[in-house]
Amino acid sequence: MRILSSSTNPIKTLYLFSSNLRWQATSFRSFRYKPVDSLLNCLSLTRRSSDIPMAIPSKPASIAATTSGGSMDCEEGISKRFWIKFRRESIFSIYTPFAVCLAAGNLKIESFRHYIAQDVHFLKAFAHAYELAEECADDDDAKVAISELRKGVLDELNLHDSFVQEWGSDLAKEVTVNSATVKYTDFLLATASGKVEGVKGAGKIATPFERTKVAAYTLGAMTPCMRLYAFIGKEFQTLLDPALGNHPYRKWIENYSSESFQASALQTEDLLDKLSVSLTGEELDIIEKLYYQAMKLEIEFFCAQPLCQPIVIPLVKEHSPAEDRLLIFSDFDLTCTVVDSSAILAEIAIVTAPKSDQAQTENKLTRMSSTELRNTWGLLSRQYTEEYEQCIESVMPPEKVGFNYESLRGALEQLSEFEKSANSRVIESGVLKGLNLEDIKRAGERLILQDGCTGFFRKIVNGEILNANVHVLSYCWCGDLIRSAFSSGSVDAVNVHANEFTFTESISTGEITMKVESPIDKLQAFDTILKDYGEDRKNLTVYIGDSVGDLLCLLKADIGIVVGSSSSLRRVGSQFGVSFIPLFDGLVKKQNEYVERSSSNWKGLSGNLYTVSSWAEIHAFILGW
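Identification of the chain as Thiaminase-2/PQQC domain-containing protein from Tripterygium wilfordii is taken from an unreviewed UniProt entry.

(A) Inspection of the pattern of salt bridges at higher detail. Across all of its chains, the model carries 20 salt bridges by this definition. A salt bridge links Lys 589 to Glu 593, with the shortest nitrogen-to-oxygen separation between them at 2.7 Å. Here Lys 589 and its partner Glu 593 are both found in helix H25 (residues 583–593), four residues apart, which amounts to about one turn of the helix. For Lys 589, a relative accessible area of 51% translates into the label exposed.

(B) Region of the structure containing the pairing of strand S6 (residues 507–513). Pairing between strand S2 (residues 433–436) and S6: two bridges, direction antiparallel. Considered in S6, the bridge of Lys 433 is made with Thr 509. Two strands pair when backbone bridges link them, and strand S5 (residues 500–504) and S6 are joined in this way by four bridges, in the antiparallel orientation. Considered in S6, the bridge of Phe 503 is made with Ser 508. Adjacent in sequence and paired antiparallel, S5 and S6 are bridged by two residues, among which Glu 505 carries a positive phi angle near 50 degrees.

(C) Structural detail: the packing of helix H16 (residues 341–352) against helix H19 (residues 437–446). It is the contact of H16 with H19, at a shortest axis distance of 11 Å, that shows an interaxial angle of 130 degrees. Compared by their axis directions, H16 and H19 come out oblique. In this structure, H16 crosses over H19, and the sense of that crossing is right-handed. Contacts from Ile 344, Leu 345, Ile 348 and Thr 352 of H16 reach H19 at Asp 439, Ile 440 and Ala 443.

(D) Layout of the sheet that holds strand S10 (residues 608–612). One open sheet accounts for seven strands, arranged S4-S3-S1-S7-S8-S10-S9; its pairing is parallel. The open sheet has two free edges, formed respectively by strand S4 (495–497) and strand S9 (579–582), since each of these has just one partner strand. Geometrically, the sheet is characterised by an average inter-axis angle of 25 degrees between neighbouring strands, direction not taken into account. By the bridge criterion, three bridges tie strand S3 (residues 468–473) to S4 in an arrangement that is parallel. Counterpart to Val 472 in the pairing with S4 is Val 496. On the sheet, helix H24 (residues 567–575) packs against strand S8 (559–563), S9 and S10 and is oriented at approximately 120 degrees with respect to S9.

(E) Expanded view of the nonpolar core. Counting residues in each nonpolar core, the largest one holds 151 residues, and the members touching the most others are Trp 252, Phe 621 and Ile 622. It is helix H12 (residues 208–237) that contributes the most residues to this core, 15 residues altogether. If you count residues domain by domain, this core takes at least three from each of domain 1 (78–304) and domain 2 (324–355 + 366–623). Among all residues touching Ile 622, those that are not within four sequence positions of it are Pro 314, Leu 315, Val 316, Leu 326, Ile 328, Phe 456 and Val 542.

(F) Highlighting the side chain of Arg 325. Its place among the elements puts Arg 325 in strand S1 (residues 324–330). With relative accessibility at 7%, the residue Arg 325 sits in the buried group. Polar contacts involving the side chain of Arg 325 include one to the side chain of Asn 539, which spans 2.6 Å. When near neighbours in sequence (up to four residues on either side) are disregarded, Arg 325 contacts His 319, Asn 467, Asn 469, Tyr 533, Gly 534, Asp 536, Arg 537, Lys 538, Asn 539 and Leu 540.

(G) Fine view of helix H7 (residues 97–104). Along H7, eight of the eight residues are buried, which leaves the element largely enclosed by surrounding structure. Buried within H7 are the following residues: Pro 97, Phe 98, Ala 99, Val 100, Cys 101, Leu 102, Ala 103 and Ala 104. Structurally, H7 contributes buried residues whose contacts are with helix H6 (87–94), helix H8 (109–136), H12, helix H13 (250–257), helix H15 (281–303) and H25. Where H7 ends, the next residue or the one after it, Gly 105, has phi of about 85 degrees, a positive value.

About the criteria used
- Residues numbered from 1 in each chain as written.
- Predicted model: local features only at pLDDT ≥ 70, side-chain atom pairs only at ≥ 80, totals over all residues.
- Heavy atoms only, no water.
- Salt bridge = Lys/Arg side-chain N within 4 Å of Asp/Glu carboxyl O.
- Helix = DSSP H or I, 4+ residues; strand = E, 2+ residues; numbered from the N terminus.
- Buried < 20%, exposed > 50% of the residue type's maximum accessible area, 1.4 Å probe, protein only.
- Pairing = 2+ DSSP bridges.
- Axes fitted to C-alpha atoms, helices over the stretch in contact; angles between N-to-C directions.
- Parallel < 35°, antiparallel > 145°, perpendicular 65-115°, else oblique.
- Left-handed = near helix turned anticlockwise from the far one by under 90°.
- Contact = heavy atoms within 4.5 Å.
- Core = buried A, V, L, I, M, F, W, Y, C linked by side-chain atoms within 4.5 Å.
- Domains from an automatic or database assignment.
- Polar contact = N/O pair within 3.5 Å; in protein donor to acceptor, adjacent residues only side chain to side chain.

Shown next, in the form of structure tokens:
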């Protein structure tokens, strides 16, 4: 078993769900899969990734807001909605090698000079696009606003001129424009010229509405750049040490984090919202496509900047399939999923259980009625919650101590005994008796995984150039649920290490073959897997988890990544001297320490864990764009 937070747990959560799903049990007899489908549809509507708190408290507010995946209020303008929707692309931009080196301050000056030269070409096109948009705008206020934004771009060009004066040469004339810059500028100017889907074309735009529509499309293609640079500027500013004035790119960072640039970004968004008010749904879809295309072009622009220095990302850059082995370990519940699997399994049991007055056939296992099941789950829930909190308090030292792995392991042995005892109560209660394997697999296929999780694992297991293996270590009571969840996303080459239901003719007996039910079990599985691979190659281990049950493995792995914001994990870890470091901040620090002919030196048992607020961060860090 596992707990969702310090105050909620799977049993309690599913108990609340079931109270809203009572009507479904009556329809089960008429159509076998209707309850399961209804259950999953209900969970799909009410428990999306946006409903699970993902932001890490120690993460800067700007990146937390960008990656939180909050629901998009229909009353908000399209600028804010699109920025939230395409948060993944903003993460990939900031995690590019160029951006990380720039933030660290050890970006080679030659690379920065090349970037400035490319940006000069880009900004000139950007300014021209504003000029064309101003010509199309029918509203005087809009014209004034666009004119002011264009002046802001000219100020950026003046900043670049100051760099050029320091270097004593005009790089914009000396450096060839690369293909990524050309692709981006062509896109902007084509959009501003009306060469967009659904627009008549240059020279044929006659009515004021058609002209306003082109202005809106142009702002849709330009707004992402303004918001992204404002976001990057703020992120980098938080990493500047006020006591040190020697960051070589402080001037660049201070420009994009300044109040004036932040205001310009907001002004651009407000203008896009205003210009798009009268557009149809189809026309708004076009703006969304333009916005998304601009975000992708930004990533390509950063990726195209040449680097001639050692870099810490992506992690696979130093990976040699012939010599190295990348081992990815991951928890499942609330690391990969948005709902705890025990909640799903219990709901299946409740909605498929017979009613109190319904006779049961002799050839099936005798099951509790749905009412009895619901009451039993309620009792198990309350007992688990109370005893879990007591156990957590009992394992923690009275005062914070220095990091000592063996001391932490000894403490978590007490938690392991508690988890095993709780699981025994579940088995003895008989609440898991009578579940159909087909229902479980169907639920797994419909299970919602965290945004980006499936795509990351699919790229890992299908990447022929990588010598990489994926192992899922989970407390889940039924490994078939996990396997179905990944198979539905075309991720089949995943090794699942979990507990398993026992079945008689595809009907669960209520017994569970326990394989992984405690922090100690997870650690033993981790060690055994690593030992089985041997030492014929260099093994690099990454563990991704979210709870106290993952803590020992997170710390033992070369790189431990914490997803989510479990309060119990934070409390226990901090009390035992574990440091929780936002992943991006940690990478910038490592990049700052990274020198020629050195390695990034990822090693386990350091006492440091890296926190993320989305799977996009994990993907960008390990695999890159």
